[in-house]
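Survey of secondary and tertiary structure
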Amino acid sequence: MMDFQLSADEEQIRDLARNYAQTTLAERALAHDAGAFPMETVKELAGLGLMGIKSPVSFGGLGGSNVAYALAIREIAKVCASTAVTTAVTNMVGDMLVHFGDDGQRERWLRPLLSGEFAAGSFALTEPSAGSDAASLSSKAVLSDDGSYYTLSGTKMWITSGDVAGAVLVMAKTDADAGARGISAFIVDPNAAGFHVGRHEQKMGLKGSSTVSLTFESVKVPAADRLGPEGIGFRVAMTALDGGRCGIGAQALGIAESALGGLLAAMPARKADDRALGTDQAAAFRIADMATRMEAAWLMVLRACALKDAGKVMSREAAMAKVFATEAAGFVTKTAMGLAGADGLRKDSAIGRAYRDARVARIYEGTSEVQRIVIARSLVRGV
Amino acid sequence: MDFALDETQQMIRDSVRSFVSGQVREPAMKWNEGHGDANAALKELGGLGLLGILAPENAGGAGLDVATLILSLIELATGDAGLAAMVAHHNGPALGHLLDADFSDKKLLSRFASGDALLCRATDEGQAHLDSATVETTATQQPDGGWQVSGSKRLVPLGTLASHAIVSAKTLGGADIHLLVDLSAPGVSRQASASLVGLSTCDLADLTLSEVQVPAAMTVGSSSRAVALGRLTTAAIALGVTRAALAAGVTYTLERKQFGKPIARFQPMQWQTADSATELEAAELLTYRAAWQLSTGDARDFAVEKAAVFAMEAAQRVADRALQMHGGYGYTEDFPVERHFRDAATLRLLTDGPDLQRVVIAKGLAQAV
């Protein structure tokens, strides 16, 4: 039987995120948009368990469902999209440790990630020449003769929190000739010699999140820090992205909600030029379209999450949810800006910020084009 | 029918194009990061005659037509939309208003037409042109026939740089009046407006007028042409942004390789490029037709409004696609496309927004039935 009811746990996690977001985070959101990394905030979120929403309680997580995760990310994004993406990426790294790691790795990396001892976790897949074509990455990890460590070399791009992370999940080739099956996943300690942080990207939005390139110059990575067996790195990355895409869908809808909220708050002050010809109706119809698209997108995100909670494969549904939700957010933020009057054009207004923040959601964790490839491949042979 | 430009139009377009290549395109990246401003470039444009395009030569201007103004603005906006917005405002709704209303002080007029002084037109009082009928600024007639003006205007282009502003106000009797206000007069205060999402190089100010005395001779007649010029010059800026964004997208997709080939060879990129190029073409033709009408007489058939709606919205779509083609790079300030995306969204600051223009078109069509 279908059931759209949230569980008590899910409601509790949503409220935990909402209460924090609406109070403490709300006071800091403008400072984060001015470029301040939310260091204090991420520590406090860890204290609440929100850096490991799905991770086991025994490791400091909340033991929540994927649905709870989407609920929490949306609540945070509604107030501060920068904090939401930072939180989402840390959660994603933790989830991979839970899913693919062993107990030793969970003790070593997951516990400090969830406690806030680490400010964040980072996910390092993309390279300068391997973006949408992720499997063509050229970073490589070469096993030492005695089998005790790998030597990691390469450069990664667009790494969220790469300069503050305590653990970086890196995908690198261990077999240059095996294509995607030659990729392995490693947890890399940023304190290791040869780990270099490149320049900070100056972005249009998400200014409170940190985005850097990372260069590994013969970084020694203990063999014990390889996640799972050799060759499963691409599967780790794709599993991470299936969950991550639900998170980005939820984030995009949180951003859209803040734009719509900003517009509705501004509506009483907006006077129509000619009511008889229906300028008010024009605005009202667009608001109806915004809310409808957001609702549809939200149901798609929740369905992908629910499938994951049921242990089902949900790559297609996650891709559909991500592309639909992020494009809805693009439509909502643009339309809200068009309807809101001069205040909506202000860079630091709720709508002005949402407009800038929402745009990257159609690009990161797989562009809209990549999502469409994933969807098409699940339906059409040979795409 | 003839879609060719005349020699003068070609010459002016080419000279603006080379000015943009040499003195705008690169510096614009710095201006938008907050380093330096476009004011020196604005001054140089005055030296080239681009601050008095429509003013007759005997009034110190270049004596050119609206089409030439539009062509110049398109070129300028390919380099920097904020700079183009300042040039558009001075030439179009501001100076265009004085010319249309046959303003009598020829000496002052020639200062604006030569670019020695900048002129702005202050109408907006808060709702970004969503309700241009609501003017709360008051003009009270004095015994000597002059006016005392009080009120506030915001987001006025050229508001801090201009020497004078055409201010819209209501008389005690409720009539609309426009007055040319010397911005150095007692009672005028102005401050830079809050930063907007886009058009960050465009000088914008909020003006407060507190019992400002304006001589009777500074009364300016009304001008429907000023409104049309505001709309059409905004369409021109939109076209420049569109052109720049389209070119940026095409260039990037030819250079960027994924899956072993330039991404320009993938159908989703090709479709986006084709749609953008088609929309640009349509927007250009709508704008040129309206410019031709205004160059030879008055606008008809809501050609101006149709051009403005279509061009403003096309700019947003095309910039959005171009940014998408750039992937993550498009979201950074290293490439101009993120600026095109923000500028396109901010264009309606300069004129009535697309929704209001739609109402104008629909109302006009309803009356014609």
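Residues numbered from 1 in each chain as written. Chains lettered and ligands numbered in written order. Predicted model: local features only at pLDDT ≥ 70, side-chain atom pairs only at ≥ 80, totals over all residues. Heavy atoms only, no water.

1. Describing the overall build of chain A
How we decide: Each helix is a run of H or I in the DSSP string that is no shorter than four residues. Each strand is a run of E no shorter than two, and both are numbered from the N terminus. The atom set for the radius of gyration is the C-alpha atoms, and the globule formula is 2.2 Å times the number of residues raised to the power 0.38. Any two residues whose heavy atoms approach within 4.5 Å at even a single point are treated as in contact. Here the Shrake-Rupley method, with its probe set to 1.4 Å, supplies the accessible areas, and only the displayed protein chains count as covering residues. Residues scored as positive are Lys and Arg, those scored as negative are Asp and Glu, and His as well as the terminal groups of each chain are ignored. For charged residues, the charge sits on one atom: NZ in Lys, CZ in Arg, CG in Asp, CD in Glu.
Helices and strands together make up the secondary structure of chain A, namely ten helices and eight strands. Against the globule reference of 21 Å for 383 residues, chain A gives a C-alpha radius of gyration of 21 Å, in line with a compact fold. Along the first, second and third principal axes, the C-alpha set of chain A runs to 80 × 50 × 45 Å. Sequence separation of at least 24 residues holds for 72% of the intrachain contacts in chain A that already meet a minimum separation of 6. For chain A, the accessible area works out to roughly 14800 Å², and carbon and sulfur atoms hold 53% of it. Counting 41 positive and 42 negative side-chain charges, chain A places the averaged centre of each group 5 Å from the other.

2. Considering the overall build of chain B
The condition is simple: Whether a residue is buried, partly exposed or exposed follows from its accessible area with a 1.4 Å probe, protein chains only, as a fraction of its type maximum: under 20%, in between, or over 50%, in that order.
Helix and strand counts for chain B stand at eleven helices and ten strands. On C-alpha atoms alone, chain B measures out to a radius of gyration of 21 Å, which is about the 21 Å that the 2.2 N^0.38 rule sets for 369 residues. For chain B, the spread of C-alpha atoms along the principal axes amounts to about 80 × 50 × 40 Å. When the 369 residues of chain B are sorted by exposure, 57% land in the buried category.

3. Describing the pairing of strand 1 (residues 119–122) of chain B
Residues and elements named next belong to chain B. Short version of the rule: Only when DSSP finds a minimum of two bridges between them are two strands counted as paired.
Along strand 1, one buried face is formed by Leu119 and Arg121 and the opposite face, lined by Cys120 and Ala122, is buried too. When strand 1 meets strand 4 (residues 164–171), the two strands line up parallel, connected through four bridges. In the strand pairing of strand 4, leucine 119 is matched with histidine 164.

4. Topic: a nonpolar patch on the surface
All names here are of chain A. Our working definition: For patches, a residue must show more than 30% relative accessible area and have no salt bridge; joins then use 9 Å for like charges and 5 Å for nonpolar side chains, namely Val, Leu, Ile, Met, Phe, Trp and Tyr. A pairing counts as a salt bridge when a side-chain nitrogen of Lys or Arg comes within 4 Å of a carboxyl oxygen of Asp or Glu.
Taken together, the side chains of Ile373, Leu379, Val380 and Val383 make up a nonpolar region of the molecular surface, amounting to roughly 330 Å² of accessible area. Among the structural elements, valine 380 can be located in the segment after helix 10 (368–379). Valine 380 sits in the partly exposed class, given a relative accessible area of 44%.

5. Description of helix 6 (residues 106–114) of chain B
The periodicity of an α-helix, 3.6 residues per turn, causes residues three or four positions apart to be oriented the same way. Residue and element names in this part refer to chain B. Convention followed: By arc we mean the arc of the directions from the helix axis to the C-beta atoms, nothing more. Within 3.5 Å is the distance limit for a polar contact, defined as a pair of N or O atoms, with the added protein rule that one can donate a hydrogen and the other accept it, and that residues adjacent in sequence qualify only through two side-chain atoms.
Residues Leu108, Leu109, Phe112 and Ala113 constitute the buried set of helix 6. For helix 6, the angular spread of the buried residues around the axis is 135°, confining them to a single face. Close packing links the buried residues of helix 6 with helix 5 (81–100), strand 1, strand 4 and strand 5 (176–182). Residue aspartate 105 occupies the N-cap position of helix 6, its side-chain oxygen lying 3.2 Å from the main-chain nitrogen of lysine 107. Directly beyond the C-terminal end of helix 6, a positive phi value near 85° is found at glycine 115.

6. So, the side chain of arginine 121 of chain B
Residues and elements named next belong to chain B. Position of arginine 121 among the secondary structure elements: in strand 1. For the buried arginine 121, which has no salt bridge, the nearest side chain bearing the opposite charge is aspartate 352, at an N-O separation of 8.2 Å. Here the side chain of arginine 121 touches histidine 97 through a polar contact of 2.9 Å, side chain to side chain. Each residue touching arginine 121, except ones within four places of it in the same chain, is listed here: His89, Pro93, Ala94, His97, Val156, Ile166, His178, Ala226 and Val227.

By themselves, these observations are geometric and do not establish any function.
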